[in-house]
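Structural overview
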Amino acid sequence: MSIKTPLKVAVLGLLLAWAFFTVDVKAALAHYPHDDIFALEVSPDYQQDKTLFINVRGNIFKSEDEGASWHRIVKGLDHQYQLAALDISARSPEVLYLSSLGDGVYKSSDRGDSWDRVNRGLENLNIDLVEIASDTPDLVLAAGAETGLYKTENGGQSWSTVFKGRKITAIAFDEARPGQILVGDRQGNLFLSGDRGTSWQSIASLKNSGAIQALAIFSNSAQDRTIWVGTEKEGVLKTVDDGAAWVEANRGIEERSITSLAISSDYRNDGTLLASTWNRGVFRSLNGGESWEEYSKGLTTDGQADLPNFRRPHFSDLSMSPSYSEDRTIFLAGFDGLFKSTDGGRIWQELDTLSANIIVGLDVSPNYQNDSTVAITTYLEGAYISHDRGDSWTDINQGLYKDKGFKRIAKKILQEGNIARSFEIEFSPNYTEDKTIFSPAWTDFLKSTNRGQQWQRIPLAKKPGFLNRPTKYSIAISPNFATDKTIFLGSMLGNGEDFLLESTDGGQSFSKIGSINGRAVVYLAISPNFATDKTLYAGIKDGVYKTVDRGKTWQPSGSGIPAMPEESRLAISPDYQADRTVFAGTAAGLFVTRDGGTSWSKLLTGMTDVEDGYVEAIAISPDYQSDRTAIVGFRGKGLFKSVDGGMTFTRVGNNLLAGNHSLANMYGFWPPTTAIKFSPAYARDRTIYGVAETNLFKSTDSGNTWTNLPLPKSQKTGLTQRITYYYHRLSVAPLTKFLVAALVALASYLALGRLRLDKKLSVRKILITTSGAFTAFLVAFFLFSF
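Within any chain, residue numbers begin from 1 and follow the written order of that chain's sequence. Where local features are concerned, this predicted model is filtered to residues with pLDDT of at least 70; where side-chain atom pairs are given and counted, the filter is 80 or more; whole-chain, interface and lining totals use all residues. As a convention, hydrogens and water are excluded, and side-chain values are obtained from all of the structure's heavy atoms.

A helix here means a DSSP run of H or I that spans at least four residues, while a strand means a run of E at least two residues long, and both kinds are numbered starting from the N terminus. Scanning the chain from terminus to terminus reveals 18 helices and 56 strands. Burial statistics for the chain: of 786 residues in total, 58% are counted as buried. Contacts are assigned to residue pairs with any non-hydrogen atoms lying within 4.5 Å of each other. The long-range share in the chain, meaning contacts at least 24 apart out of those at least 6 apart in sequence, stands at 48%. Counting only carbon and sulfur atoms, one obtains 51% of the accessible surface of the chain, whose full area is about 31,700 Å². Accessible area is worked out with a 1.4 Å probe on protein chains only. A residue is then buried under 20% of its type maximum, exposed over 50%, and partly exposed in between. Here, Shrake-Rupley sampling with a 1.4 Å probe gives the accessible areas, and only protein chains in the shown set may cover a residue.

Spelled out as structure tokens, the structure:
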């Protein structure tokens, strides 16, 4: 019997509904790349400027369109250590403070677009908490990550010590009582100051609570103040008499580890208080904490947060719009990303912050003068190639997909990422003849012998095992590759078992050849005369190491270069046989050896702005023996160029830093890419390429000015997230849920009537159609009730 079109539609709709709603909603919302949000701040003028800031993976991002798009802030942020807490002045929104776990405190006076260190008087530069007074941007408290509390009353010009030997974990200023400050510590103690932090008195010792992790204060008058405390072990506690008596305020909160508290700006009228917990998400109270309801639909978690090397809360900072009573907007920082609600927390939607198109690899064809070819790899969008000097791009992803068959088709339909994570990309030195491109991956080595049209996955070991552990690799290819077919890879497991691999058959197979004290080999530089001197340099956390026997044994490379907490970036002279020159960019400045690594000297001495700066990128001209040109990128300070072999440097590329772009590997993304590449024909075309997050820049005037090259847009449009979001919308609206279930029941009734099952089953038609429709209604209603 033929089934007519309306019935086909009804049946198809039911099948699609069944397929979608039986999918795990939380899994459907999984987000890549992984956006670990450390800190979150919403502008006090959010209703007008739509601005918010986040610290994601140790990078500061700013959005001026309610979180729809983001741009990274780098100007002035010359930190060596991870960026941590962030706060914005309620009185003066142009002022922000930012802490670092080792660099102290930074201040911005231009709405976060540029930053300066303000550390005078700080006894401890390991700061994990910073809070600005509600009535002035000049009064700020900063807490040490281990111990200590510090205060400035002059906008960061100088700091004084408030507490010693005590770890402060929460700070709150009383908006209605200027000068009143409340702090809590790791042991559950609370202290109150009435004179702007000059003196303190203990008001409570909550012995069984664990750390005080959040504070919220509402003062209705000089005599009426309510304090809420979010604790590590006992949930929310409340006092109305400055700590003389405390009561639990946990009715409805099913998890007692509170990570953040937020109070509505219109609390006097709406009584709204929000709490986030370590694992569950968000709870909302409409009666000042007397009772709570969980509001976590749309929030997602990631098990990685629970691993010993992370141990971070799944949910942390809560921030409500200053006009919450009107727009009902809340933002939540999570280990799995940034979440936004526009209905008071009932439904959450994850926002894209980090892009899948972050560039992680860049190379320029050795025959660039004739073929105009440039290639890049991205974090999760695969590889791209340009044959017109970067003006247009073609994706080269055949062989990179990690899914196959129906699963790959399904992910394409849902517009989810299904390309394996990429790392560095390198052209064969003999690319003109062999058409070969290489890229190391997690457990395989990627190789294309047809200019990237198709990739071959080559296992790094003949049998699964030690060499096939998922890891990242640095790469160095022999300059004499056409004859010796040699490639080196340095592993970055980071567990004390790292090693070097060598291939002598063009990357078809690899063998383990040596190790540098088991340390991760992050940077490799190979001698241009490798065929005769067998020399490589490696940048690791212990400093710079050198081998003269093809990587079998390694020795520390001379004196004068310090062991650093970060690996040294390396650039070797193309005339190394004659000048013995290697540059090393470290977290404490730029160094050079001119005797093959026997001794090192520091460069840029006397240039106080960058003498001890963090070198993020370094590159040497292919005609260094003639033009003596090197370019160095300093974190937060921009680009500097030397045309005399490093004797003197001048600032270049001012338009990059002015636009908050830094030619560097993005903080928190491994392995670090070679962020600056000279054209092999630099002597003629004066061309240099540089990577800045999702942007590829090109200079055709020796690095003085730079142009942003357009890259293909990300294919991801969040279709799965949007479908799931609207599913949640339906599931929390009782009337809509009922209507959708009724429509499903009606479609089932019509479909069953058309099938004429009563003739086949000898059952009355009305019984089949009504029972089927009723069952469909119950199933649909049940599915929408999650």
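Next, the rest of the story.
On to a nonpolar patch on the surface, then. Residues Leu743, Leu746, Tyr749, Leu750, Ile766 and Leu767 make up a contiguous nonpolar surface patch of roughly 590 Å² in combined accessible area. Of all the elements in the fold, those that place two or more residues in the nonpolar patch are α16 (734-755) and α18 (765-783). Sort the elements by how many residues they give to the nonpolar patch and α16 lands first, with 4 residues. Tracing the backbone shows Leu746 in helix α16. Each patch is assembled from residues with relative accessible area greater than 30% and no salt bridge, linking like charges that lie within 9 Å and nonpolar side chains (Val, Leu, Ile, Met, Phe, Trp, Tyr) that lie within 5 Å. Salt bridge criterion: a side-chain nitrogen from Lys or Arg within 4 Å of a carboxyl oxygen from Asp or Glu.

It is worth spelling out the environment of Lys637 at this point. Mapped onto the fold, Lys637 is located in the loop between β50 (630-634) and β51 (638-642). Here Lys637 falls in the buried class, since its relative accessible area comes to 18%. Ignoring sequence-local partners within four residues, the contact set of Lys637 consists of Asp78, Asp609, Val610, Arg651 and Leu657.

A few words now on the sheet that holds strand β27 (residues 337-341). Taken in spatial order, the 4 strands make up an open sheet running β25-β26-β27-β28, and their pairing is antiparallel. One side of each edge strand has no neighbouring strand; the edge strands of this open sheet are β25 (315-320) and β28 (349-351). Strand-to-strand twist across the sheet, computed as the mean angle between neighbouring axes with direction ignored, equals 30°. At least two DSSP bridges between two strands are needed for those strands to be called paired. Sheet topology places β25 next to strand β26 (residues 330-334); 4 bridges connect them, and they run antiparallel. Directly across from Leu318, in β26, lies its bridge partner Leu332. Axis definition: a line fitted to C-alpha atoms, limited for helices to the stretch in contact. Angles are taken between N-to-C directions and run from 0 to 180 degrees.

Our focus in this paragraph is the sheet that holds strand β6 (residues 96-100). Taken together, the 4 strands give an open sheet; going across it, the order is β5-β6-β7-β8, and neighbouring strands pair in antiparallel fashion. Strand pairing shows two members of the sheet lacking a second neighbour, β5 (83-88) and β8 (116-117), which therefore form its edges. The sheet contact formed by β6 and strand β7 (residues 104-108) spans 5 bridges and is antiparallel. When the bridges of β7 are listed, Tyr97 appears paired with Lys107.

This part is about the side chain of His79. Relative to the helices and strands, His79 resides in the loop between β4 (71-73) and β5. With relative accessibility at 4%, the residue His79 sits in the buried group. Not counting residues up to four positions away in its chain, the partners in contact with His79 are Gly58, Ser100, Asp103, Tyr106, Arg117, Tyr614, Arg635 and Tyr667.

Planes of paired rings set the category: under 30 degrees apart is stacked, over 60 is edge-to-face and the rest tilted, where pairs are Phe, Tyr or Trp rings (Trp by its six-membered ring) whose centres lie within 6.5 Å. If you walk through the whole model with that rule in mind, you get 18 aromatic pairs. When the centroid spacing of 5.4 Å and the interplanar angle of 75° are considered together, the rings of Trp228 and Tyr267 count as edge-to-face. Of this pair, Trp228 sits in strand β18 (residues 225-231) while Tyr267 is found in helix α4 (residues 267-270), placing the two residues 39 residues apart along the sequence. Each of the two residues, Trp228 as well as Tyr267, counts as buried. Summarising the aromatic geometry, the rings of Phe583 and Tyr624 are spaced 6.2 Å apart at their centres and angled 85° between planes, so their arrangement reads as edge-to-face. A residue pair is termed long-range when its members are at least 10 positions apart, and Phe583 in strand β46 (residues 582-586) and Tyr624 in helix α12 (residues 624-627) qualify at 41 residues. The same class applies to Phe583 and to Tyr624, which are both buried. Ring pairs connect the aromatic residues Phe438, Phe445, Phe481 and Phe510, which therefore count as one cluster. The side chain of Arg57 reaches across the aromatic face of Phe669, ending 4.3 Å from its centre. Lysine NZ or arginine CZ positioned within 6 Å of the ring centre and within 35 degrees of the ring normal marks a charge as sitting over the ring. Its end group placed over the ring of Phe163, Arg166 keeps NZ or CZ at 6.0 Å from the ring centre.

With that settled, the discussion passes to unusual backbone geometry. With a phi close to 60°, Arg111 is a non-glycine residue in the positive phi region. Positionally, Arg111 belongs in the loop between β7 and β8. Positive phi values are uncommon outside glycine, yet Arg550 reaches one of about 65°. Note that Arg550 resides in the loop between β43 (543-547) and β44 (555-556).

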